[in-house]
Amino acid sequence: VRRSNSLLGYSPGLEYYEVEAHAGCMSAWLSVLQTFWFATAIYFPPWKAAMMTFLPSPGEGPSRTQMKEGYLKLTALATSTRKDQIIVRLGFTTDPAYEDTARMLVESGLCSLDETVQKRGESGVVSPACAFGGKLLERLQHQGRGIFY
């Protein structure tokens with residue numbers, strides 16, 4: 001979001017934050033501990049070895065059933081410089097970590113091959129929003145996987 005804003009010049013005063021909602025205090029603390037465990041495992045080999053016994057091996061992932069049962073709900077809150085607020089809620093009815101990520105990568109690749117897409121941005125690392133603009137959004141919406149609620 002920050003990179004797209006910077007490259008496209010949407011708003012010089014943009015502030016962007018991501019937060020995680022939890023059902024309760026215990027759930028939030030477990031999430032903090034999990035993050036700490038993974039971060040520490042990078043630098044402490046015994047913890048990494050212990051962690052690897054519980055994680056899937058390369059090539060192993062969720063089953064089709066698990067992917068179909070997965071979902072994601074997002075709530076975005078935007079406040080303008082005039083203090084107007086907009087709330088957008090978006091949901092994905094399938095596992096966003098595998099199926100939707102793959103779909104987004106394929107659609108981005110197809111946009112890069114599409115001669116009709118007005119490609120924007122300078123060379124180097126650009127975001128999909130900067131590189132493909134509304135054409136990528138159109139392609140993703142045409143697939144119909146995300147829903148507003």
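Each value, and the rule that gives it
Residues numbered from 1 in each chain as written. Predicted model: local features only at pLDDT ≥ 70, side-chain atom pairs only at ≥ 80, totals over all residues. Heavy atoms only, no water. Salt bridge = Lys/Arg side-chain N within 4 Å of Asp/Glu carboxyl O. Buried < 20%, exposed > 50% of the residue type's maximum accessible area, 1.4 Å probe, protein only. Helix = DSSP H or I, 4+ residues; strand = E, 2+ residues; numbered from the N terminus. Core = buried A, V, L, I, M, F, W, Y, C linked by side-chain atoms within 4.5 Å. Contact = heavy atoms within 4.5 Å.

Q: Which parts of the structure should I look at to understand the pattern of salt bridges?
A: For side chains bearing opposite charge, pairing can occur when the charged atoms are close. The full count for this structure, using the stated rule, is two salt bridges. Here Asp 84 and Arg 82 are joined by a salt bridge, their closest N and O atoms 3.3 Å apart. A relative accessible area of 41% means that Asp 84 is categorised as partly exposed. Looking at Arg 82, the relative accessible area reads 66%, which means it is exposed. Between Glu 107 and Arg 139 there is a salt bridge; the shortest N-O distance is 2.7 Å. Linking Glu 107 in helix H5 (residues 96–113) with Arg 139 in helix H7 (residues 134–143), this pair joins segments that are 32 residues apart in sequence.

Q: Help me understand the nonpolar core, please; the structure alone is not making it clear to me.
A: A general tendency of soluble globular proteins is for nonpolar side chains to be buried together. Listed in full, the five residues of the largest apolar core are Cys 111, Ala 131, Phe 132, Leu 136 and Leu 140. Going through the elements one at a time, helix H6 (128–132) and H7 are the ones with two or more residues in this core. Among all residues touching Leu 136, those that are not within four sequence positions of it are Glu 107, Ser 108, Cys 111 and Pro 128.

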